[in-house]
Number of protein chains: 4
Amino acid sequence: MIPTSLEKLLSRRDDLWHHLLERSRFVRGLMAEPFDRRLFGIYLIETYHYVIHNPRHQALVGARSEAMHPNYRKFCFEHAAEETGHELMALHDLHHLGSLQEGSYRLSSALLQTELLNAYLYHVSTTGNPLQRLGYSFWAESAYQYVGNVIARTRQVLELSDAQMTFLVAHASIDEKHAAEVAKTLTSFCTSDDDWHAVAQVMEGSLQLQGNLLDAVWDEFVALRAGEDSRYRYLNVLRPS
Amino acid sequence: MIPTSLEKLLSRRDDLWHHLLERSRFVRGLMAEPFDRRLFGIYLIETYHYVIHNPRHQALVGARSEAMHPNYRKFCFEHAAEETGHELMALHDLHHLGSLQEGSYRLSSALLQTELLNAYLYHVSTTGNPLQRLGYSFWAESAYQYVGNVIARTRQVLELSDAQMTFLVAHASIDEKHAAEVAKTLTSFCTSDDDWHAVAQVMEGSLQLQGNLLDAVWDEFVALRAGEDSRYRYLNVLRPS
Amino acid sequence: MIPTSLEKLLSRRDDLWHHLLERSRFVRGLMAEPFDRRLFGIYLIETYHYVIHNPRHQALVGARSEAMHPNYRKFCFEHAAEETGHELMALHDLHHLGSLQEGSYRLSSALLQTELLNAYLYHVSTTGNPLQRLGYSFWAESAYQYVGNVIARTRQVLELSDAQMTFLVAHASIDEKHAAEVAKTLTSFCTSDDDWHAVAQVMEGSLQLQGNLLDAVWDEFVALRAGEDSRYRYLNVLRPS
Amino acid sequence: MIPTSLEKLLSRRDDLWHHLLERSRFVRGLMAEPFDRRLFGIYLIETYHYVIHNPRHQALVGARSEAMHPNYRKFCFEHAAEETGHELMALHDLHHLGSLQEGSYRLSSALLQTELLNAYLYHVSTTGNPLQRLGYSFWAESAYQYVGNVIARTRQVLELSDAQMTFLVAHASIDEKHAAEVAKTLTSFCTSDDDWHAVAQVMEGSLQLQGNLLDAVWDEFVALRAGEDSRYRYLNVLRPS
């Protein structure tokens, strides 16, 4: 009953997001505490550090040696092509946040939590069930519906225009198309309980790591705000006067 | 002088093809000796065995960790997507050659010469200069202009229709677009003599291996025709009566 | 000042272990709460699932394409050879815990936390600074000195003999030699602050993941003890009567 | 009948060597024509360029994800460790051939034929039957018995001492031990006709490529001797006066 399983996957996704949003230090902090543009800066930098890898591990799925339907390989390569360069939107937004100029700073390296997400996504893309990376796409391409109020609050508190939020705004509409393709790809190629199970596992694992990453972003902001030594000290030019 | 270098690459490609066609046992045999559909069958089988890998090693270039222009990565993934499934045209033609039915035989494994081409293309796609695989695309996407008389003679001797030559005929027109893209990609991204040199090396290496592969196809046909034991004995159903 | 840096690394390792032991749900549970052999079973199963990968990612470091001192490559391969098959000690101990027979059950797949450790170790072994995996070896080969009381309490509560604890006991003495080699390798090949920094990062990252893994082992035991549905239900044959 | 198959492999190896030696331009040239130290220099340089990869692709076999006997993995890693650094013997001999000083020249890059051997060995080490690389070791570790007269003639014509031929002389005795281990490993782990077939295929493929490589070495020497432009022109300091 493949349609049933997509339904079950949707239902599980709702549960996971509900759980994540409820427990997230990032979400609780952002909704309840004062914050400034440095938080958005940290978010954009770490987003850059994982989004740049999305097309690469996506393509590695299609390049695997296992027998695979040509249409699924094609999906992987097309999807990889479409995701290429999206990290530049995050950098664009960073450079439009305020007085942080392109070329005026040395980008900090990725946080451990960001590296963990990347390591996990390369791992599930190159080993295990070749369909399982769809579990990541399944939540990542439709995240905006769950975090609308978080984005709205960010926009309002930081007084950001659409042109300063291209990654989130433009990306949201790009992803709608992808989300439909991901659902179609899941129903076309998942043919066993093992397939659905593998997809669900990776959805859960990668969403949990995304939650950890956002919490780490919040923790880093709190430390920076407190004046502690920080890898993000170059963001202090965005500090409100 | 980048345009000069594309010109030099074109000139070198002409030389290499001229040299290959002159020395090729395959071409000399096919143009001068009698042959039957089993030769085309062997060609299609070995073509299947390398074409199926083209999108995979093409995508691996885009997935490399080296710094690379996003547009070059995108080219790699788009090109991989476009090449996906082309091996099915070779199988289609094999099944329309005569009384060889899909599912009635077990496809022989790749010849050593075919494996050598694959091994080399994976190697140059995953190590060395990230642009160098373009040297393969540069001759492969425009091969038809050099082998027109070989294809014409095959068609005539074997009395084949376009519907029996989809890989060569349909592929030829698909590849025209690719050839233009490859030339544009070369001129956009090759920025040093080292880049052009690496591309030229891979053009020479992979074309030489393609020539060896075709010679091995001819040798295998000669052995099969002589009634020797052969991995292609299942093609004897195509033997002229 | 390379010796100073080894000293600093040692001091950092002490801090990280202190922090881990203090916050660990696993350690707190094990030291303060009642538990039975199912906890050790879960620990052995997840240990099996990461130890089996140690020689593989260790060898991948030595197989990297970067310029590397031959003696460091040799260290990687020798170390990989020495670590090969150690996962069998964990299985041996599992089969000597009680009435769980080899072949009578289907080993559960790895927990997400175990997969995260594996994914991270493959990632740091195949990307980034080629020396950085030493940061994992640096704590893993000398873990026994920090967890002596945890092992002692396990032995006492579960009434285990040395023959039932081969992974921990035999491994401890094997690792002493490795620990000395790792220290020597670090001082021989780390020649810059970047090297030491990369090693320290991986020490911190992998030890944190090991802590998370142990916490997940404890959580799984608590759920199993509470009679909840569990991937480890086959361990219930080890439940005290 | 595994011992029979080792016998058959031995017999096939004899045939392949006989065939190679008979047709080799390198062997015929070296046995019949005058030559000088530049030939040995070219041989040593290309030997360096493939020997440096031996431990790396050997280790990649042991690192594969397929189920594999731990003792075979261990063999792979131990063998990789033992082969590490052997390329330095080739460089040593190059620097003791005459007035070519270490550091006084820029090593030419590998010939296409050398790259083809490397590409093939990485390919068979990372795909296909995990035992098949033993087919390379099976001839490479016992080559000296087939090329005794070639080495003797080289030594005599070039008036070389053992200290100037460490790669060939010292290596020969090291390899005796390896050859016995390879035979033992083959009989221990090859358990099906498919295994033996895969090993035999790789023996044939890699030996053929080695023959091509030696022929290319001879061709390059002939061109250098004739005063043509050459990647090895820095070897002209070894030219007899």
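Counting from 1, residues in each chain are numbered in the order their sequence is written. Chain labels run from A onward and ligand labels from 1 onward, assigned in the order the entries are written. The predicted nature of this model means local features are confined to residues of pLDDT at least 70 and side-chain atom pairs, given and counted, to a pLDDT of 80 or more, with totals for whole chains, interfaces and linings taken over all residues.

A. Spatial organisation of the overall build of chain A. Only DSSP runs of H or I reaching four residues or more are called helices, and only runs of E reaching two or more are called strands; each is numbered from the N terminus. When helices and strands are tallied, chain A shows eleven helices and zero strands. Starting at the N terminus, the α and β elements of chain A follow one another as α-α-α-α-α-α-α-α-α-α-α. We compute the radius of gyration over the C-alpha atoms and compare it with the globule rule, which gives 2.2 Å times the number of residues raised to the power 0.38. What you see for chain A is a C-alpha radius of gyration of 18 Å, in line with the 18 Å of a compact globule of 241 residues. With the principal axes as the frame, chain A shows a C-alpha extent of 60 × 35 × 30 Å. To sort residues by burial, count the other C-beta atoms lying within 10 Å of each one's C-beta; a count of 20 or more means buried, 12 or fewer means exposed, and anything in between means partly exposed. C-beta atoms are built from the backbone. By residue count, 46% of the 241 residues in chain A fall in the buried class.

B. Highlighting the interface of chain B and chain A. Each side of the interface is counted separately: chain B has 16 residues, and chain A has 16 residues. For the side of chain B that touches chain A, the secondary structure elements donating two or more residues are helix H4 (54–62) and helix H5 (70–83) of chain B. Of the residues forming the side of chain B that touches chain A, the biggest block, seven residues, is contributed by H5(B). Each residue gets a C-beta atom placed from its backbone, and two residues are in contact if those atoms lie within 7 Å.

C. Representation of the relation of the copies chain B and chain A within the structure. Least squares is the method used to superpose the copies, on C-alpha atoms of residues holding a pLDDT of at least 70 in both. With an axial shift of 0.0 Å and an RMSD of 0.0 Å, the rotation relating chain B to chain A amounts to 180°. As the rotation angle and translation indicate, the two copies are arranged about a two-fold axis. Relative to the rotation axis, the closest C-alpha in chain B is found at B:Phe77, a distance of 2.6 Å. Looking at the interface residues of chain B, 100% of them are also at the interface in chain A, so both copies use one shared face.

D. Quick peek at the packing of helix H3 (residues 37–51) of chain B against helix H6 (residues 87–95) of chain B. Residues and elements named next belong to chain B. The convention used is that axes are lines fitted to C-alpha atoms, helices contributing only their stretch in contact, and that angles between N-to-C directions extend from 0 to 180 degrees. One way to put it is that H3 packs onto H6 with a least axis distance of 8 Å and a crossing angle of 160°. On the basis of the axis angle, H3 is roughly antiparallel to H6. Where H3 crosses over H6, the two elements pack in a sense that is left-handed. On H6, the residues that touch Gly41, Leu44, Ile45, Thr47, Tyr48 and Val51 of H3 are Glu87, Ala90, Leu91, Asp93 and Leu94. Classes in brief: Ala, Val, Leu, Ile, Met, Phe, Trp, Tyr, Cys and Pro nonpolar; Asp, Glu, Lys and Arg charged; the others, Gly included, polar. For the contact of H3 with H6, a count of residues per class yields seven nonpolar, two polar and two charged. Here the word oblique covers every angle except those under 35 degrees (roughly parallel), over 145 (roughly antiparallel) and from 65 to 115 (roughly perpendicular). Each crossing is labelled by how the near helix is turned from the far one, with a counterclockwise turn of less than a right angle marking it left-handed and a clockwise turn marking it right-handed.

E. Structural detail: the nonpolar core. Note on terminology: a nonpolar core is a set of buried residues of type Ala, Val, Leu, Ile, Met, Phe, Trp, Tyr or Cys, with members joined through C-beta atoms within 7 Å. The biggest cluster of nonpolar side chains holds 107 residues, and the ones touching the most others in it are A:Tyr120, A:Val199, C:Tyr120 and C:Val199. Once residues within four sequence positions are removed from consideration, A:Val199 is found in contact with A:Leu9, A:Leu131, A:Gln132, A:Leu134, A:Gly135, A:Leu186 and A:Cys190. Judged by nonpolar contacts, the second largest core, of 104 residues, contains B:Leu94, B:Met165, B:Leu213 and D:Tyr122.

F. Examining the confidence of the model for chain A more closely. Along the chain, pLDDT gives the predictor's confidence residue by residue, from 0 to 100. Averaged over every residue, the pLDDT of chain A is 94; residues scoring 70 or more account for 98%. The ipTM, which scores confidence in the relative placement of chains, is 0.95 for this predicted complex, and the corresponding pTM is 0.95.

G. Structural view of the environment of A:Trp218. Residue and element names in this part refer to chain A. Its place among the elements puts Trp218 in helix H11 (residues 193–225). Judged by the 21 C-beta atoms lying within 10 Å of it, Trp218 falls in the buried class. Note: C-alpha distance between Trp218 and Phe40 (178 residues apart in sequence) is 9.7 Å.

H. Representation of helix H2 (residues 25–32) of chain C. Turning to H2(C), its buried residues are C:Phe26, C:Val27 and C:Leu30. All buried residues of H2(C) fall inside an arc of 95° around its axis, so they share one side. The arc in question is formed by the directions pointing from the helix axis toward the C-beta atoms.

I. Focus on unusual backbone geometry. Even without a glycine there, the phi angle at A:Glu159 is positive, about 50°. For A:Glu159, the location among the structural elements is in the loop between helix H9 (148–158) and helix H10 (166–189).

J. Local environment of the environment of B:Gln156. Tracing the backbone shows B:Gln156 in helix H9 (residues 148–158). For B:Gln156, a count of 9 C-beta atoms within 10 Å puts it in the exposed group.

K. Examining the environment of B:Met68 more closely. Residue and element names in this part refer to chain B. Following the sequence through the fold, Met68 ends up in the loop between H4 and H5. On the basis of neighbour count, Met68 is assigned to the partly exposed category, with 18 C-beta atoms found within 10 Å. Each C-alpha atom of the pair Met68 and Leu21 lies 36 Å from the other, and the pair is 47 residues apart in sequence. Beyond its immediate sequence surroundings of up to four residues, Met68 is in contact with Arg73 and Pro130.

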